[in-house]
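# Structure assessment
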Amino acid sequence: MIGNLLGLGALALGWRRSVLSWPVQLLSGLVLVAAYASAHLSGGVGKQLVVIVVSLWGWMQWQRGRRDHGDLVIRFATWSERAWLVAGTAVGTVGVALLFQAYNLSWAPWQDAYLFTGTLAAMVAQGRGWVEFWFAWLAVDLVGVPLAFNSGLAFSGLIYIVYFVLVIAGMRSWWLRTRIPQPGTRVLEGATA
């Protein structure tokens, strides 16, 4: 419950483009490792370990963006960036699912693998300041809600439903932010205009 509430807080902070979103997400990941381990969902444990590592990276990206530009630059990904994000998620899901099946690491290897790679894709997009990160979270929620309930993690399932509603609102907020001229700002390192 605590890990999911922290995750909810991280989402709310991300909506507001607060750099605090990242340390709160990192703390959420630390707490949720134990919850997923108790439900024998290796993908959930792996996902939270990825959340922890990517939270550190995203935190540095956002701090650098704010230091260099005064604010986080929000934009839509290019078609090429979107293609890489989708392809990486697809290839990653297949690879992780096959690994889970080969070593019997999850009772729901394909869904679990998708949550693992979808979360990574969403967090990378968030770290880059791409609006598409909200779409990636929606896709993760569509798989995560039923899997959480089927795994006996009802509170996590309910929190995912709340996430779904907040993600819609956050997506709208970030999309509107792209329509506001951002004079004197450049995109984050590694991104193209």
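### Section: unusual backbone geometry
- Unlike most non-glycine residues, Arg-17 shows phi in positive territory, near 60°.
- Among the secondary structure elements, Arg-17 is positioned in the loop between helix 1 (2–15) and helix 2 (21–38).

### What about the packing of helix 4 (residues 79–102) against helix 5 (residues 109–128)?
- At their nearest, the axes of helix 4 and helix 5 sit 8 Å apart, and the two run at 145° to each other. Where helix 4 crosses over helix 5, the two elements pack in a sense that is right-handed. Touching Leu-85, Thr-89, Gly-92, Thr-93, Val-94, Val-96, Ala-97, Leu-98, Phe-100 and Gln-101 of helix 4 are Pro-109, Trp-110, Asp-112, Ala-113, Tyr-114, Phe-116, Thr-117, Gly-118, Ala-121 and Ala-125, all from helix 5.
- A per-class count over the contact of helix 4 with helix 5 returns 13 nonpolar, 6 polar and 1 charged.

### Describing the side chain of Gln-48
- Here Gln-48 is to be found in helix 3 (residues 42–69).
- Accessibility expressed as a relative area gives 3% for Gln-48, which makes it buried.
- Look past the residues within four positions of Gln-48 in its chain and what remains in contact with it is Ser-28, Gly-29, Leu-32, Val-33 and Tyr-36.

### Things to note about the nonpolar core
- Ranked by size, the top nonpolar core spans 45 residues in total, and within it Tyr-36, Trp-134, Trp-137 and Trp-174 carry the most contacts.
- Within the residue set of this core, elements represented by two or more residues are helix 1, helix 2, helix 3, helix 4, helix 5, helix 6 (132–150) and helix 7 (154–178).
- Tallying contributions element by element places helix 6 first for this core, with 9 residues.
- For Trp-134, the contacting residues outside a window of four places in its chain are Leu-11, Gly-14, Trp-15, Leu-166, Val-167, Gly-170, Met-171 and Trp-174.

### Section: the confidence of the model for the protein
- Summary statistics for the protein give a mean pLDDT of 85 and a share of 92% for residues scoring 70 or more.
- For the protein, the element scoring lowest by mean pLDDT is helix 3, at 83; helix 4 scores highest, at 96.
- Within the model, the stretch residues 183–193 combines pLDDT values under 50 with 28 contacts to residues more than four positions away or in other chains.

### Remarks on the environment of Leu-166
- Looking at the secondary structure, you find Leu-166 in helix 7.
- Among the residues examined, Leu-166 registers a relative accessible area of 22% and is labelled partly exposed.
- Distance in space between the C-alpha atoms of Leu-166 and Ala-12 is 7.6 Å, their sequence separation being 154 residues.
- Those residues within four positions of Leu-166 in sequence are excluded, and the remaining contacts are Leu-8, Leu-11, Trp-15 and Trp-134.

### Comments concerning the packing of helix 6 against helix 7
- At a closest axis distance of 9 Å, the pairing of helix 6 and helix 7 adopts a crossing angle of 165°. Between helix 6 and helix 7, the crossing angle belongs to the class labelled roughly antiparallel. The chirality of how helix 6 crosses helix 7 is left-handed.
- For the contact of helix 6 with helix 7, the per-class residue count stands at 20 nonpolar, 4 polar and 1 charged.

### Notes on the environment of Val-45
- In this fold, Val-45 is placed in helix 3.
- In this structure Val-45 comes out as buried when scored by relative accessible area, which is 18%.
- Once the C-alpha coordinates of Val-45 and Phe-116 are considered, the two residues, 71 residues apart in sequence, prove to be 8.8 Å apart.
- When neighbours within four sequence positions are excluded, Val-45 is seen to be in contact with Val-33, Tyr-36 and Ala-37.

Calculation rules
- Residues numbered from 1 in each chain as written.
- Predicted model: local features only at pLDDT ≥ 70, side-chain atom pairs only at ≥ 80, totals over all residues.
- Heavy atoms only, no water.
- Helix = DSSP H or I, 4+ residues; strand = E, 2+ residues; numbered from the N terminus.
- Axes fitted to C-alpha atoms, helices over the stretch in contact; angles between N-to-C directions.
- Left-handed = near helix turned anticlockwise from the far one by under 90°.
- Contact = heavy atoms within 4.5 Å.
- Nonpolar A, V, L, I, M, F, W, Y, C, P; charged D, E, K, R; others polar.
- Buried < 20%, exposed > 50% of the residue type's maximum accessible area, 1.4 Å probe, protein only.
- Core = buried A, V, L, I, M, F, W, Y, C linked by side-chain atoms within 4.5 Å.
- pLDDT = per-residue confidence, 0-100.
- Parallel < 35°, antiparallel > 145°, perpendicular 65-115°, else oblique.

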